[in-house]
Structures are given as C-alpha cells and as structure tokens.
Amino acid sequence: MTAAEHRRRRRALAKAVGQDGVAILPAAREALRSRDVHYPFRQSSDFLYLTGFPEPDAYAVIAPGRKEGEYLLFCRPRDPEREQWDGPRAGVEGATRDYGADQAHPLSDLDGILPGLLDGRARVYYPVGSDPALDARVMGWVNQVRADARSGARAPDGLIAIETILHEQRLRKSPAEIRLMRRAARVSAGAHRQLMRTCRPGMGEHRLEAEFQHRCALEGARHQAYQPIVAGGANACVLHYVGNSALLRDGDLVLIDAGCELEGYASDITRTFPIGGRFTPAQRALYDLVLAAQRAAIDKARPGNHWLEPHEAALRVLTKGLVALGVLKGSVRKLLKDEAYKPYYMHRTGHWLGMDVHDVGAYKTDGDWRALEPGMVLTVEPGLYMPATDPVPEPMRGIGIRIEDDVLITRDGHEVLSAGVPKDAGEIEALMRP
C-alpha cells in the first residue's frame, strides 16, 4: 500500500475527528508464546490501515489543524545492540522519512508530550475499553491537563471510541484495497485448485493444509488470514474444526476453508469436494442444493439491497431443498418461520471481509439492516451439516458441505473475487480426474 493511500486515510479520519478532537491509536504489542519464543508479530489492523508502520510498541496521534503537523508517531528509537538480534528498526528518522509522519518522537517521550496535545481539545478518540492499561494512561494524560486548569489549560470532556468512525471508514474499500484483495483471492483460488488436483484417499488432512500454505507462500503470501480448516468426512460438520489430523477416506467429502493474507488483507474461500474424485448421488444432491443456495444469495449481493437479503435467499433455497430431500416436512413458509433448518444450517451466510477475516463495520444502522454499497466486500457461504442420526436419510448422514466466495459490491451489481476456483460439481470432478 502506498504512502499516498495512508495519507488519504489519515486525512479522512482527521476530517471526521474535527479540529476540536484528537485521535490516539496504539500499535500491537509482541506476545510471548513460550519462554523466549514469541508469536509471529502481526500489526493491529487499525494501526496498519492508518500508518503502514510495521513495528510493535508505537502510538499514532492525529491532531487535526495542528500547525506543526497533524500526524505524530511515537516509536522505538534505533538501538544497534537490539537490531543486531532482532533486525533493523525505523527509529524516529525512518518514521518521518519512510512512513510519512509529520513529527516523530521516541516512545519514552509519549507521557511528556501527550498532555500538551490534548490541551484545548474537546474530545479524545481512542480504542476505549480495549485495554485497561491504555484507559488508565489516557485518563492520566487528561488529568494532567485538568490539573493545569488555573493556568488556562482546557482538558477534553469526551472520550469516544475511535472505532465509531474508523471502522466505518474501513468498511468501504478504496480502489487500491480492491486491487490487493483481488490478488489475495487469486492466490488462494490457485491454492484451492491445487488441492483438488492433489487430493487422494489415504492422505492426511495435514498434507492438504501444508500444500495450501506452500502454494500461497510461493506467490508471496507467507501468512494465512486464519487457521485453515481441512475437514474430511464427518469432521466437516464441526464448523471450526482445526485438528487437521485425520486420514482422508475414499467415498467421503473434504471441506477446505482456507485463505491467505496478502499485505495485511484477507481472503476467505471454502470448497467441498469428493476425496476420491467423484460425488456419490447423496453427496451430489446436498452439494447442488448448497450451490443453488449460494448462487441465490450472491444474486442478492447488490447495491441497495440490505445486508440480510443474501442470507434470506439462501435460507429459502435450503429449506425448500431439505423438504424435497425428505429431511424436513411441512410448508416452506412455516418451516422458515420456525427456523426448522437450524439443526442443519446454524450460521449466517456471510460477514464483512477486509484487513480482518471477520472485518469491521456495523451490520445494522439505526436498528435496521444496512444497505449494501459499492466498495463493500463480504463473504457468501451457505452450508449444510447433516447429523449422523434420524431424520436424515442414511446416505446423507455425517456429510458437511460449505461453499464460500469473496464478493465485492460494485456500482451495478457484484464481482466474485474468488471466481478462479471451480464450484460446479462437474467442473470439480473434471479437475480432479487423473
């Protein structure tokens, strides 16, 4: 992402904050995994969105209208000894030179400088309630300003969650973000195609997981947006199955829910296919039903439609299909009203997608489901998860199927970003044929 893109985002935030406000945003901190081993560092999405700064232990401050510069970055200073062990740091020089800060200061100066930046501002925007230590620190800065009131200082009287404006900003993707999400979806789609070609009975689920990560890494996406799900047979009925340790059996399906992260942006794709290369009649009947539900849902992913319309379309198709297959009995209208589908389909049909796999942005505004707008990206992912008990017909028991794509809302409809991986049953079988 370019420096100009980050600058545009900061200006949009500054405009929303206004000259009576100031925004404070912390970077992520490193987390210890065990003794001297840390988890791989991943920058806070909000901080990365605004700054592009990749290091831990930093603070970004946006002070609209400040003559000396609106964007301040507090970060770790250069330290040759630590850099010998951990790699180079940007330092305060790099923060201005490479990351666009108007001013940069060592992190140790934060407590000395922040109270002065708050003086005369009416509101402080920051992640209220996300970290008790941060809450205490902000209140400490505010109280320092209050203590100087007799000298004319004016402390902020409003502490506002920065997410109320920043997450709405993140919800609508810019052209640069859309290009990056297309790339991420293309990389993941290629990896999913490779798994269809590779899969054979007797393999371990972990082999497909490893192959997916390998293919993504070869394309420059070293990190996954979430832990991959590779679920053979009845394991696919566990929605967040991540054991990925069972053997794949001939005659079963395998559900793979996996997506890479590329330059901080997520993809999220699910495909379900036969381990042996051909669907059984029962598998094909359920698979085609889920696919029909997904196509109906994607058709509703259009500007002006509200968020829930794709889900409602999928529910109608799934419920009608379950009646036709003998799993449910009764009128479709009453079954929908009674939520009779829930033993077989218990989740929503999608979520926002962006820098986070379950991305930010409200699903309702003023109590109503929000209208879809160009630039929003969502997943569309209906499924069926059949218990291994009555009243499910015996050939369908223990089958789990989900089909998921990444969908961009465009000016006149939608674009399926993940269209590069097949989902028609016949196309899947053709791709898997030796």
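Here the structure is shown first, and the text comes after it.
Description of the structure in this document. (Residues numbered from 1 in each chain as written. Predicted model: local features only at pLDDT ≥ 70, side-chain atom pairs only at ≥ 80, totals over all residues. Heavy atoms only, no water.)

### Overview of the sheet that holds strand β13 (residues 265-266)
The strands making up a sheet associate through backbone hydrogen bonding, with each pair oriented either parallel or antiparallel.
Okay, step 1: Taking strand neighbours across the sheet as the criterion, the three strands line up as β9-β12-β13 in an open arrangement whose pairing is antiparallel. Only two strands of the sheet have a single neighbouring strand rather than two, namely β9 (223-224) and β13.
Okay, step 2: Both β9 and strand β12 (residues 260-262) contribute to a ladder of two bridges, which runs antiparallel. From the neighbouring strand, His223 faces β12, where its bridge partner is Glu261. (Pairing = 2+ DSSP bridges. Helix = DSSP H or I, 4+ residues; strand = E, 2+ residues; numbered from the N terminus.)

### A short note on the state of the cysteines
A covalent bond between the sulfur atoms of two cysteines is what we call a disulfide.
Okay, step 1: Enumeration according to the criterion identifies zero disulfides in this entry.
Okay, step 2: Between Cys199, a free cysteine, and Cys216, which holds the nearest cysteine sulfur, the sulfur-to-sulfur gap is 17 Å.
Okay, step 3: According to the relative accessible area criterion, Cys199 is buried, its value standing at 1%.
Okay, step 4: Left unpaired, Cys260 is separated from the closest cysteine sulfur, that of Cys216, by 4.6 Å.
Okay, step 5: Residue classification places Cys260 among the buried positions, given a relative accessible area of 0%. (Disulfide = S-S within 2.5 Å. Buried < 20%, exposed > 50% of the residue type's maximum accessible area, 1.4 Å probe, protein only.)

### Overview of the packing of helix α10 (residues 281-299) against helix α11 (residues 309-324)
Okay, step 1: Where α10 contacts α11, the two axes come as close as 7 Å, and the packing angle between them is 155°. One finds that α10 runs roughly antiparallel with respect to α11. The chirality of how α10 crosses α11 is right-handed. Across the interface between the two elements, Leu289, Val290, Ala292, Ala293, Ala296 and Ala297 from α10 touch Pro310, Ala313, Ala314, Val317, Leu318, Gly321 and Leu322 from α11.
Okay, step 2: For the contact of α10 with α11, the residue count by class is twelve nonpolar, one polar and no charged. (Axes fitted to C-alpha atoms, helices over the stretch in contact; angles between N-to-C directions. Parallel < 35°, antiparallel > 145°, perpendicular 65-115°, else oblique. Left-handed = near helix turned anticlockwise from the far one by under 90°. Contact = heavy atoms within 4.5 Å. Nonpolar A, V, L, I, M, F, W, Y, C, P; charged D, E, K, R; others polar.)

### Description of the packing of helix α5 (residues 110-118) against helix α6 (residues 132-147)
Okay, step 1: The contact between α5 and α6 brings their axes to 9 Å, and the two run at 60°. Taken as axis vectors, α5 and α6 run oblique relative to one another. Helix-helix and strand crossings are classified by hand; for α5 and α6 the assignment is right-handed. Between α5, through Leu110, Asp111, Leu114, Pro115 and Leu118, and α6, the contact on the second element is made entirely by Arg137, Trp141, Val142, Gln144 and Val145.
Okay, step 2: The class makeup of the residues in the contact of α5 with α6 is seven nonpolar, one polar and two charged.

### Some details on helix α8 (residues 175-198)
Okay, step 1: Taking 1.5 Å as the rise per residue, α8 with 24 residues should run 34 Å; its terminal C-alpha atoms sit 35 Å apart, in good agreement.
Okay, step 2: Along α8, 17 of the 24 residues are buried, which leaves the element largely enclosed by surrounding structure. (Expected span 1.5 Å × (residues − 1).)

### Considering the packing of aromatic side chains
Okay, step 1: Going through the model one piece at a time under the given rule, you end up with five aromatic pairs.
Okay, step 2: Seen from their ring centres, Phe279 and Tyr287 are 4.9 Å apart, and the 45° between their planes marks the pair as tilted. There is no split in this pair, since Phe279 and Tyr287 are both buried.
Okay, step 3: Following the ring pairs from residue to residue traces out a cluster consisting of Trp307, Trp352 and Tyr363.
Okay, step 4: A cation over a ring is seen here: Lys364 above Trp369, with NZ or CZ 4.7 Å from the ring centre. (Phe/Tyr/Trp six-rings, centres within 6.5 Å; stacked < 30°, edge-to-face > 60°. Lys NZ or Arg CZ within 6 Å of the ring centre and 35° of its normal.)

### Focus: the sheet that holds strand β1 (residues 21-26)
Okay, step 1: Spatially, β6-β5-β4-β1-β7-β8 is the arrangement adopted by the six strands of the open sheet, whose pairing is mixed. Strands at the two margins of the open sheet, each flanked by one partner only, are β6 (103-106) and β8 (158-161). The average angle at which neighbouring strand axes cross in this sheet is 20°, direction not considered.
Okay, step 2: As defined by bridge partners, strand β5 (residues 71-75) adjoins β6 across four bridges and the pair is classed as parallel. Looking across to β6, one finds that Leu72 is bridged to Gln103.
Okay, step 3: Against the sheet, helix α1 (residues 3-17) makes contact with β1, β4 (59-62), β5 and β7 (123-126), and its axis sits at roughly 135° relative to β1, the strand it touches most.

### Some details on the side chain of Arg121
Okay, step 1: Structurally, Arg121 can be placed in the loop between α5 and β7.
Okay, step 2: Engagement of the side chain of Arg121 in a polar contact is seen with the backbone oxygen of Gln19, the distance being 3.0 Å.
Okay, step 3: Polar contacts involving the side chain of Arg121 include one to the main-chain carbonyl oxygen of Gly21, which spans 3.0 Å.
Okay, step 4: Those residues in contact with Arg121 that sit more than four places away from it in its chain are Gly18, Gln19, Asp20, Gly21, Val22, Ala63, Pro64, Arg66, Arg154, Ala155 and Pro156. (Polar contact = N/O pair within 3.5 Å; in protein donor to acceptor, adjacent residues only side chain to side chain.)

### Description of helix α9 (residues 205-218)
Okay, step 1: Helix length check: α9, at 14 residues, gives a terminal C-alpha distance of 20 Å against a target of 20 Å (1.5 Å per residue), a fit within 8%.
Okay, step 2: Looking only at α9, the buried set comprises Glu205, Leu208, Glu209, Glu211, Phe212 and Cys216. The arc enclosing the buried residues of α9, seen along the axis, measures out at 165°, which places them on a common side.
Okay, step 3: In this structure, the buried residues of α9 make contact with α8, β9, β10 (229-232), β11 (253-258) and β12. (Arc of directions from axis to C-beta.)

### Re unusual backbone geometry
Okay, step 1: You will see that Arg35, though not glycine, has its phi angle at about 45°, which is positive.
Okay, step 2: In this fold, Arg35 is placed in the loop between β2 (32-34) and β3 (37-38).
Okay, step 3: The exposure class assigned to Arg35 is exposed, which follows from its relative accessible area of 74%.
Okay, step 4: For Glu339, which is not a glycine, the phi torsion comes out positive at approximately 55°.
Okay, step 5: Mapped onto the fold, Glu339 is located in the loop between α12 (332-337) and β15 (364-365).

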